[in-house]
Amino acid sequence: MNNRSENLEHHLDRHLVEELAQVARETVRDELREQSRRQRRTALLYAASGAVALYAGGAVALAVGLALASGLPGWAAALLTAALLGVVAYALRGAAHGRHTPHPPHRVVGGAAPATPPMGLGMPYPPMPQTPPDVPHHRA
């Protein structure tokens, strides 16, 4: 009788564990589905915003070109507008690069190589030889 009750208890425990695991999987799956739906919507809105901003920038460039064309020949107005847009693009690029700090070197001159690669992935570096390899000198 005791063995039978232990067997029933084991079966019920295993059934309970499987049921809890199934509920946990469904809960995680539903949460991930909801998060990915929200992220897709956000990405779509960012993409639409970028497309509209691109068209707005084109309209501004066209307006500047037409305004300049009232006093200059068409080719000169287009060239001046292109140069102006190039200067703005260069300034924006410089502003973007100014915010980033340069990465520290992964190896200090005169120091030893780190024990593992900088990303922490893969095998450690092979040991550095004490002397450089012999390279034969060929005369041409």
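What you see is a predicted model, and the numbers here were worked out from it, not measured in a lab.

Draft legend 1. Here's a closer look at the overall build of the protein. If you tally the helices and strands in the protein, you get 2 helices and 0 strands. A burial count over the protein gives 4% of its 140 residues as buried. Summed over all atoms, the accessible surface of the protein reaches about 13,100 Å², with 66% contributed by carbon and sulfur.

Draft legend 2. Spatial organisation of the UniProt feature "transmembrane region" (unreviewed entry) in the protein. According to UniProt, the feature "transmembrane region" (unreviewed entry) maps to residues 43-68 and 74-92 in the numbering used here. Secondary structure across residues 43-68 comprises 100% helix and 0% strand; the distance between its end C-alpha atoms is 37 Å. Between the C-alpha atoms that bound residues 74-92 there is a distance of 27 Å. The span itself is 100% helix and 0% strand.

Draft legend 3. A look at the pattern of salt bridges. Taken as a whole and assessed by the stated rule, the structure comprises 3 salt bridges. In this structure, the salt-bridge partner of Arg38 is Glu34, at a minimum N-O distance of 3.5 Å. In this pair, Arg38 and Glu34 both sit in helix α1 (residues 2-69), 4 residues apart, roughly one turn of the helix. Its relative accessible area of 31% is what places Glu34 among the partly exposed residues. One continuous salt-bridge network, built from bridges that share partners, spans Glu34, Arg37 and Arg38.

Draft legend 4. Examining the side chain of Thr81 more closely. Assignment of secondary structure puts Thr81 in helix α2 (residues 74-99). When neighbours within four sequence positions are excluded, Thr81 is seen to be in contact with Ala61, Val64, Gly65 and Leu68.

Draft legend 5. Structural view of a nonpolar patch on the surface. Together, Leu84, Val88 and Leu92 make up an exposed nonpolar region whose accessible area comes to about 280 Å². Checked against the element boundaries, Val88 lands in helix α2.

What counts as what
- Residues numbered from 1 in each chain as written.
- Predicted model: local features only at pLDDT ≥ 70, side-chain atom pairs only at ≥ 80, totals over all residues.
- Heavy atoms only, no water.
- Helix = DSSP H or I, 4+ residues; strand = E, 2+ residues; numbered from the N terminus.
- Buried < 20%, exposed > 50% of the residue type's maximum accessible area, 1.4 Å probe, protein only.
- Areas by Shrake-Rupley, 256 points an atom, 1.4 Å probe, with all protein chains shown as cover.
- UniProt positions renumbered as here; feature names shortened; annotations may be inferred.
- Salt bridge = Lys/Arg side-chain N within 4 Å of Asp/Glu carboxyl O.
- Contact = heavy atoms within 4.5 Å.
- Patch = residues over 30% accessible without salt bridge, like charges linked within 9 Å, V, L, I, M, F, W, Y side chains within 5 Å.

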